[in-house]
Amino acid sequence: MFVPHSYDGSMTPDSFEYHTPAKAAEIDVGMALAYAAGVLTIATGSTAPEYIAMQESPAGEETRIAVIRVQDGTVYETTLGEAIADIAEGKSYCLDTTGMMLAKPAQNTDAVFAKVVSFDGTAAGDKVRVRF
């Protein structure tokens, strides 16, 4: 789950926007989302997130949900989806298959866009803070 952790300087907390997720997608609070074919889909792997879900949406519904836009000046907190022994501040990673956690790029082929600001450990489930 991605949640805003801190904001740069004079930034204020993000306002909610309302967008429609893909009908087949089950959306959870804190999930990274991106637009594809005119609807929000789960941002995974090499898909950079544009929004973070602030409201759940069961699969099969076409209801607009509350989201916040990903901002350059915001630090987001999440967890490691897998152990990353060589994690380091300033190093960039991608998203796991759930769109809720950080992961290592597969074979260095995935685009990496989540830059580590700080982290609590290297094991799966440890907290990490990133900028997109």
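Use the structure listed above.
Notes on the structure in this doc start here.

**So, the pattern of salt bridges**
So, point 1. Applying the stated criterion across every chain yields a total of 4 salt bridges.
So, point 2. For Glu17, the salt bridge is made with Arg69, and the minimal N-O distance between the two is 3.0 Å. Here the residue Glu17 occupies a position in strand E2 (residues 17-19), and Arg69 occupies one in strand E6 (residues 65-69), the gap between them amounting to 52 residues.
So, point 3. According to the relative accessible area criterion, Arg69 is partly exposed, its value standing at 37%.
So, point 4. Ionic pairing is found between Arg129 and Glu77, a salt bridge with its closest N-O pair at 2.8 Å.

**So, the nonpolar core**
It is characteristic of soluble globular proteins that their nonpolar side chains tend to be buried jointly.
So, point 1. Membership of the largest hydrophobic core comes to 20 residues, with the highest contact counts inside it found for Phe2, Leu102, Val130 and Phe132.
So, point 2. Of all the secondary structure elements, the ones that give two or more residues to this core are strand E3 (32-36), strand E8 (92-95), strand E10 (114-119) and strand E11 (127-131).
So, point 3. Apart from residues no more than four positions distant in its own chain, Phe132 is found in contact with Phe2, Pro49, Val70, Asp72, Tyr76, Leu95, Phe113 and Ala114.
So, point 4. If you look at the next biggest cluster of nonpolar residues, it comprises 11 residues, including Ala22, Ile27, Tyr51 and Val67.

Cut-offs and rules
- Residues numbered from 1 in each chain as written.
- Predicted model: local features only at pLDDT ≥ 70, side-chain atom pairs only at ≥ 80, totals over all residues.
- Heavy atoms only, no water.
- Salt bridge = Lys/Arg side-chain N within 4 Å of Asp/Glu carboxyl O.
- Helix = DSSP H or I, 4+ residues; strand = E, 2+ residues; numbered from the N terminus.
- Buried < 20%, exposed > 50% of the residue type's maximum accessible area, 1.4 Å probe, protein only.
- Core = buried A, V, L, I, M, F, W, Y, C linked by side-chain atoms within 4.5 Å.
- Contact = heavy atoms within 4.5 Å.

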